[in-house]
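# Secondary and tertiary structure notes
Single-letter residue listing:
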Amino acid sequence: MLRATLKSLLGRKLRLVLSGLAVVLGVMFVAGAFVLTDTLGRSFDQVFASVYAGTDVGVTAKPKVAVSETEGEQVDTPLPASVVEKVKGVPGVREAVGMVSADGARVIGSDGKVVTSNGPPRLGGNWLGEDDQVKLREGRGPTSDAEIAVNAAVAKAAGIHVGDRVGVLTLEPKKTFTLVGIWGYPGGKDSIGGAQEVAFTTPVAQKLMLGQTGVYTMITVKTTDKSADAAVRDRIAAELGDGYVVKTGDQLAADSSGDLKDALAFFNKILLGFAGVALFVGVFLILNTFSIIVAQRTRELAMMRALGASRRQVIGSVLLEAVVIGLIAAAIGLAAGIGVGAGLGYLFTKFADGLELASVGVPLAAVLSSLIVGVVVTVVAAVLPALRASRIAPVAAMQDVATPDRPLTKVSVTGAVVAAAGATMLGIGLYGTSSLWLFFGGVLVSFVGVALLTPLIARPVVALLGRLFSWSVPGRLGRLNSGRNPRRTAITAAALMVGIALVTGVTVVMNSAKTSLAAQVEDTVKAEIVIGGDQNGPRPPTFDATVLDQARKTAGVRSAAGLWEDQAKIDGRLAYVDATDDLARMADTFSGTRLATLRDDQMVVSTQAAQKRGWKVGQALTVQLSRGDPHRYTLAGTFDEKTLPSTYVLPASAVKDFGIPQPIVGFVRLADGATVAQVLPQMKALVADSPEVSASDRTTFVNDQLSSFDTVITMVQVLLALAILIAVLGVVNTLALSVLERTRELGLLRAVGLSRAQTMRMVTVEAVVISVFGALLGVVVGSGLGAAVVRALNDDGVTKLVLPWGGMALYLVLAALVGVLAAVLPSIKAARLNVLTAIAVD
């Protein structure tokens, strides 16, 4: 049986290729995800090893509000200069230097625009001179408070040169300096990890980056004996006591890299999730392939049974084929995944400005997951065809039999039960426990249920779709062929359904959320003009607070109010808080409601947040902001969340302890009779010196902010493209194997007068009908899933259901085009059959 199985497999190489291609693509996605995250992780290791190469021990203060990379940007607590002197006195310390290095130094380029960042920080610090890492390429370091130096990455991105006057945004509004130096790093590097760096004199760096002089973000220590770094670290920690974090350079590098690796791990899970969808679709392709193969080999398998092969041996024969195909596909997929991971890593370095990519590695997880996934997916998909093969009676070897079209009752009942179970899981996940795992599990089970029910509707729906092509003989034949085996058609269509259903569902949810939020803003917000910008880094864009005062004095303006933002801990729990220059003015400007001005010891929260936390008006709350000591505020009142663009609102006096003490958004409400066309140009003139932001009318600002929804839709479409590609291969696969299966039939049709062109049109119609059927299923199921999610989000403000009619129509048109393309090779093969040879096929 083993020899017979291997000979059969090698004798049908097309079957081997078509069966394994889906696994190759799915495994490629899995392996590529592991290779990418491993390579990027080691790249980050290299970056931070370079950053801390000259640091034996580092000392920082414990942050007031600790957050992870995925929660936001942590604000460093400044170290007093006196701590530097204390560290210098610790035995084993050769040198201790106070260093300023904080994110938020945004350079204004020669074009008047802020140099953007796609992730790496924009650091501002104090010039400490050249060392093993920092090498001046032009000029010198800053010596006066009006001078700066920048790294080569900033100079190139900004288009600035030594001697230029350069504007820089920091914790304070725009200030202009003379550029006196440009530096680089060993190996010709313009930056370390793509970071943009600006160096000031120490007092200026302290004031602009930390908000006060005489403080530092870190103390870098060099020891007298590097082998004793850990001992020196412990002595420094004992000397300073609680409130400080003391680590060796190796620890600092590992911890900094580890934070980014945690974010990468989350990204890896997303990629693996989409890989899982691709493999799920691949199961349909493999299941269909093996089902067709078993049908084609009915006589061969029956002959084996007649010669003494047991049912177990027949099952083993089919599963052995699956294992061989799975192993070969896994190996090819792993190799392709390594290439994909390397390619994506290269693209990532281009996106993350200057990150030097580590050598591509193949982690053990990539190898094991590729082999396990490849074999398991293939074997699982082959189980049902294997069981079907074992039931072939030996007497079939002596008959010219066709595989009977079995009743659909059993599979339909099973499909209904599975679909009901999936719907129940979806309902509980959406309306009960709000469990994402239960929701995604419900989606998966629902897809299986729909796939099992699809044969029941395949024949009538396909017949209806096929009537569009029934005006000719090839069209009628293609329509009949597409409906002759409902199970085969259903499985092929179901593979395409999954990808299109997910894309449609996400599009429904995103468009519904986008439309609902836009409508909510139009109904609630009274401010006609908004001052703000697009955030393209870890820090939001800001503007000078004096703009608000000038706006209020502008003719045609009724009121103007600004919003500040910070991360905080309220009674020990992380929250994002806002402050406004005047609560009464903000309420009137934003929504036209009345609220009282806050005292310096008062705060307000949304009614929803107060109920969730169990807070009562008059209750005292402890708030720790990014800077300063904890504050005690009295809860002065609550407000409906539609009244203000905030959840927790503090008085204007709190801004001095915010991590970013400048407003991030401003709202301008016009006086009666004034128009946006009259006032908007004046608002744009006011923010001319704040190049990160602009003034725009309310609708334009809202549309700009909601554009992220379109980005999500595009990302999902791109990531699900692989699953759809596998489904398309399924159509090709089904047609190719069907052509082999119907060789004699095609020969007879050609013999009675069907031309080659008509044969090709017949196969093309069959492909188009199956593809459109799958796409139709996808848009219907996806719309249903999307509508269910929107309904569950009603209480969260997503109240308008928006179906992407244009997009759904486009999917159907593209499906028809896909059918045409998928039919190219099978139709050519069918047309080229030798008539006499085909008729003689047994």
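Not measured: the values here are computed from a predicted model. (Residues numbered from 1 in each chain as written. Predicted model: local features only at pLDDT ≥ 70, side-chain atom pairs only at ≥ 80, totals over all residues. Heavy atoms only, no water.)

## Focus on the overall build of the protein chain
Broken down by element type, the protein chain carries 24 helices and 23 strands. Expressed as lengths along the three principal axes of its C-alpha atoms, the size of the protein chain is roughly 100 × 75 × 50 Å. Looking at the protein chain residue by residue over its 842 residues, the buried ones come to 50%. Counting only contacts in the protein chain whose residues sit at least 6 apart along the sequence, the fraction spanning at least 24 positions is 81%. Surface exposure of the protein chain reaches about 36,800 Å², of which carbon and sulfur atoms provide 61%. Where the 77 positive side-chain charges of the protein chain centre and where its 67 negative ones centre are 15 Å apart. (Helix = DSSP H or I, 4+ residues; strand = E, 2+ residues; numbered from the N terminus. Buried < 20%, exposed > 50% of the residue type's maximum accessible area, 1.4 Å probe, protein only. Contact = heavy atoms within 4.5 Å. Areas by Shrake-Rupley, 256 points an atom, 1.4 Å probe, with all protein chains shown as cover. Lys, Arg positive; Asp, Glu negative; His and termini not counted. Charge placed at Lys NZ, Arg CZ, Asp CG, Glu CD.)

## Here's the deal with helix α23 (residues 824-831)
Listing the buried residues of α23 in full gives Pro826, Ser827, Ala830 and Ala831. The arc that holds the buried residues of α23, viewed along the axis, is 135 degrees, so those residues lie on one side. (Arc of directions from axis to C-beta.)

## Concerning the environment of glutamine 46
Looking at the element boundaries, glutamine 46 is found in helix α2 (residues 13-51). What makes glutamine 46 partly exposed here is its relative accessible area of 38%. In sequence terms glutamine 46 and alanine 254 are 208 residues apart; their C-alpha atoms lie 10.0 Å from each other. Discounting residues that sit within four places of it in the chain, glutamine 46 has contacts with Glu356 and Ala358.

## Details of the nonpolar core
If you look at the biggest cluster of nonpolar residues, it comprises 98 residues, and the most contacted ones within it are Phe284, Phe447, Val498 and Ile726. Core analysis: the next-biggest nonpolar cluster, separate from the first, contains 42 residues, Val87, Ala96, Ala105 and Ile236 among them. (Core = buried A, V, L, I, M, F, W, Y, C linked by side-chain atoms within 4.5 Å.)

## Brief notes about the packing of helix α13 (residues 473-483) against helix α21 (residues 756-792)
In the contact formed by α13 and α21, the axes pass within 7 Å of each other and the chain directions differ by 45 degrees. In terms of orientation, α13 lies oblique with respect to α21. In this structure, α13 crosses over α21, and the sense of that crossing is right-handed. Contact residues: Pro474, Gly475, Leu477, Gly478, Arg479, Asn481 and Ser482 in α13; Gln758, Arg761, Met762, Val765, Glu766, Val769 and Ile770 in α21. Of the residues belonging to the contact of α13 with α21, the class tally is six nonpolar, five polar and three charged. (Axes fitted to C-alpha atoms, helices over the stretch in contact; angles between N-to-C directions. Parallel < 35°, antiparallel > 145°, perpendicular 65-115°, else oblique. Left-handed = near helix turned anticlockwise from the far one by under 90°. Nonpolar A, V, L, I, M, F, W, Y, C, P; charged D, E, K, R; others polar.)

## What to know about a nonpolar patch on the surface
A surface patch of nonpolar side chains, amounting to about 630 Å² of accessible area, comprises Leu810, Leu814, Leu817, Val820, Leu821, Val824 and Leu825. Every element with two or more residues in the nonpolar patch is listed here: α22 (805-822) and α23. Ranked by the residues each element gives to the nonpolar patch, the list is headed by α22, at five residues. Position of leucine 810 relative to the elements: it lies in helix α22. Judged by relative accessible area, leucine 810 falls into the partly exposed class, the value being 46%. (Patch = residues over 30% accessible without salt bridge, like charges linked within 9 Å, V, L, I, M, F, W, Y side chains within 5 Å. Salt bridge = Lys/Arg side-chain N within 4 Å of Asp/Glu carboxyl O.)

## Structural notes on the pattern of salt bridges
Under the defined criterion, the tally for this structure stands at 22 salt bridges. For aspartate 190, the salt bridge is made with arginine 137, and the minimal N-O distance between the two is 2.6 Å. Note that aspartate 190 is positioned in the loop between β10 (175-184) and β11 (196-200) and arginine 137 in strand β7 (residues 135-139), a separation of 53 residues in sequence. By relative accessible area, arginine 137 is classed as partly exposed at 40%. Each of Asp549, Arg552, Asp581 and Arg585 takes part in salt bridges that share partners, so that together they form one network.

## Considerations on the sheet that holds strand β14 (residues 244-248)
What the four strands build is an open sheet, ordered β3-β13-β1-β14; its pairing is antiparallel. The open sheet has two edge strands with one neighbour each: β3 (93-99) and β14. Each adjacent strand pair in this sheet contributes to an overall mean axis angle of 20 degrees, direction not counted. Where strand β1 (residues 57-61) meets β14, five bridges bridge the pair, whose relative direction is antiparallel. Within the sheet, the bridge partner assigned to valine 57 lies in β14 and is threonine 248. Against the sheet, helix α3 (residues 81-88) engages β3, β13 (218-223) and β14, with an angle of about 170 degrees to β3. Here helix α6 (residues 229-240) sits on the sheet in contact with β1, β3, β13 and β14, set at roughly 170 degrees to β14. (Pairing = 2+ DSSP bridges.)

## Quick look at unusual backbone geometry
The phi angle at aspartate 571 is positive, at roughly 50 degrees, despite the residue not being glycine. Within the fold, aspartate 571 resides in the loop between β16 (557-570) and β17 (573-580). A relative accessible area of 39% places aspartate 571 in the partly exposed class.

## Observations concerning helix α12 (residues 436-466)
Its 31 residues give α12 an end-to-end C-alpha distance of only 40 Å, which falls more than 12% under 45 Å, the value for a rise of 1.5 Å per residue. Of all the bends in α12, the greatest, near 55 degrees, is centred on isoleucine 457, and the proline proline 460 appears no more than four residues after it. (Expected span 1.5 Å × (residues − 1). Bend = angle between axes of the 7 residues up to and from the residue.)

## Things to note about the packing of aromatic side chains
Scanning all chains against the criterion turns up four aromatic pairs. An angle of 55 degrees between the planes, with centres 5.6 Å apart, marks the rings of tryptophan 127 and tryptophan 183 as tilted. Taken together, the residues span a long stretch of sequence, with tryptophan 127 in the loop between β6 (122-126) and β7 and tryptophan 183 in strand β10 at a distance of 56 residues. Look at tryptophan 127 and you get buried, because its relative accessible area is 18%. (Phe/Tyr/Trp six-rings, centres within 6.5 Å; stacked < 30°, edge-to-face > 60°.)

## Focus on the packing of α12 against α21
Where α12 contacts α21, the two axes come as close as 9 Å, and the packing angle between them is 140 degrees. Between α12 and α21, the crossing angle belongs to the class labelled oblique. Considering only the axes of α12 and α21, their crossing is right-handed. For the pair α12 and α21, contact is made by Phe439, Val443, Phe447, Val450, Thr454, Ile457, Ala458, Val461, Val462, Leu465 and Gly466 and by Val769, Val772, Phe773, Leu776, Leu777, Val781, Leu785 and Val789, respectively. In the contact of α12 with α21, the residues fall into 17 nonpolar, two polar and no charged.

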